[in-house]
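In case you want the letters, here they are:
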Amino acid sequence: LLQLVEAIVHSADLSGQVMDKPYALESGKMVMMEFHRQHLREVAERLPVTPFMAKLTDPLEQAKCQLGFLVYVVVPLWRAMAEVFPDLLGCYQNVETRVVEIDFDHLDQWQGVNWDIMKTTEPLQSVVAPPPTLKRPSSGPTRERPSSAFDDEPE
């Protein structure tokens, strides 16, 4: 039963591509932008770079990323969900449609390309925010740990 619940939650998390085309395309574009920002942050923080996120300014790389995600993650998941819940067959068919919409011969016409990634000119400082600093209250206790019901007990 737990595995079924986990599959349902995972399916909900990956449901963007089962929606109607305009929503699915927008969902995919947002994920591409999220990956692009993660790549910028990895570079700025001198972390190991996630290879598939490194070249997403290229429409071909976006298409390959989206196709791989669909074929290896979303399609198998939603195929299984449609087998268990036949009412979800339309969702599975939408995912299959998203796969064939990616036309590698005409990427300039594929509506899934996030052209905004190529226009991203935001400085890395705005992508990599410094960790928030916590300020102590001007008055009151200056303990290193949060207060609790046991604060009156000796340490």
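For clarity, every value in this text was computed on a predicted model and none was experimentally measured. (Residues numbered from 1 in each chain as written. Predicted model: local features only at pLDDT ≥ 70, side-chain atom pairs only at ≥ 80, totals over all residues. Heavy atoms only, no water.)

Participant: So what's going on with the overall build of the chain? Residues and values would help.
Facilitator: Across its full length, the chain carries 6 helices and 0 strands. Listed N to C, the secondary structure of the chain is α-α-α-α-α-α in terms of helices and strands. The buried share of the chain, taken over its 155 residues, is 29%. Taking contacts inside the chain between residues at least 6 apart in sequence as the whole, the part at least 24 apart equals 65%. Working note: accessible area of the chain is about 10,900 Å², and carbon and sulfur atoms make up 59% of it. (Helix = DSSP H or I, 4+ residues; strand = E, 2+ residues; numbered from the N terminus. Buried < 20%, exposed > 50% of the residue type's maximum accessible area, 1.4 Å probe, protein only. Contact = heavy atoms within 4.5 Å. Areas by Shrake-Rupley, 256 points an atom, 1.4 Å probe, with all protein chains shown as cover.)

Participant: Describe the environment of Leu88, and please don't skip the residues or the numbers.
Facilitator: Locating Leu88 in the fold gives a position in the loop between α3 (59-84) and α4 (89-101). Here the alpha-carbon distance between Leu88 and Val18, two residues 70 residues apart in the chain, equals 9.6 Å. Once you skip the residues sitting within four places of it in the chain, Leu88 turns out to touch Trp78, Met81 and Ala82.

Participant: Any chance you could break down the environment of Lys119 for me, citing the residues and the numbers?
Facilitator: By the element assignment, Lys119 lies in helix α5 (residues 115-119). It is 8.9 Å that separates the C-alpha atoms of Lys119 and Thr57, two residues lying 62 residues apart in sequence.

Participant: Run through the side chain of Gln62, naming residues and quoting values.
Facilitator: Among the structural elements, Gln62 can be located in helix α3. For Gln62, a relative accessible area of 0% corresponds to the buried category. A polar side-chain atom of Gln62 sits 2.6 Å from the main-chain amide nitrogen of Asn114. Non-local contacts of Gln62, meaning those with residues more than four positions away in its chain, are made with Met32, Leu56, Trp110, Gly112, Val113, Asn114, Ile117 and Met118. (Polar contact = N/O pair within 3.5 Å; in protein donor to acceptor, adjacent residues only side chain to side chain.)

Participant: Quick rundown of unusual backbone geometry? Include the residues and the values.
Facilitator: Backbone geometry places Arg46, a non-glycine residue, at a positive phi of 55°. Looking at the element boundaries, Arg46 is found in the loop between α2 (21-44) and α3. You can call Arg46 exposed: its relative accessible area is 78%.

Participant: I'd like a description of the pattern of salt bridges, backed by residues and values.
Facilitator: Summed over the entire model, instances satisfying the criterion amount to 3 salt bridges. Note that Arg41 and Glu45 form a salt bridge whose closest N and O atoms lie 2.8 Å from each other. Looking at Glu45, the relative accessible area reads 35%, which means it is partly exposed. Put simply, Glu101 and Arg98 hold a salt bridge, and the shortest N to O gap is 2.9 Å. Of the two residues, Glu101 and Arg98 are both situated in helix α4; the distance of 3 residues between them amounts to about one turn of the helix. The buried category is assigned to Arg98, whose relative accessible area is 7%. (Salt bridge = Lys/Arg side-chain N within 4 Å of Asp/Glu carboxyl O.)

Participant: Just give me the short version of the packing of α2 against α3, but keep the residues and values in it.
Facilitator: In the contact formed by α2 and α3, the axes pass within 11 Å of each other and the chain directions differ by 110°. Here α2 lies roughly perpendicular to α3, going by the angle between them. The way α2 lies across α3 gives a crossing that is right-handed. In this structure, α2 uses Gly28, Met32 and Phe35 to contact α3, whose residues at the interface are Gln62, Cys65 and Gln66. The class makeup of the residues in the contact of α2 with α3 is 3 nonpolar, 3 polar and no charged. (Axes fitted to C-alpha atoms, helices over the stretch in contact; angles between N-to-C directions. Parallel < 35°, antiparallel > 145°, perpendicular 65-115°, else oblique. Left-handed = near helix turned anticlockwise from the far one by under 90°. Nonpolar A, V, L, I, M, F, W, Y, C, P; charged D, E, K, R; others polar.)

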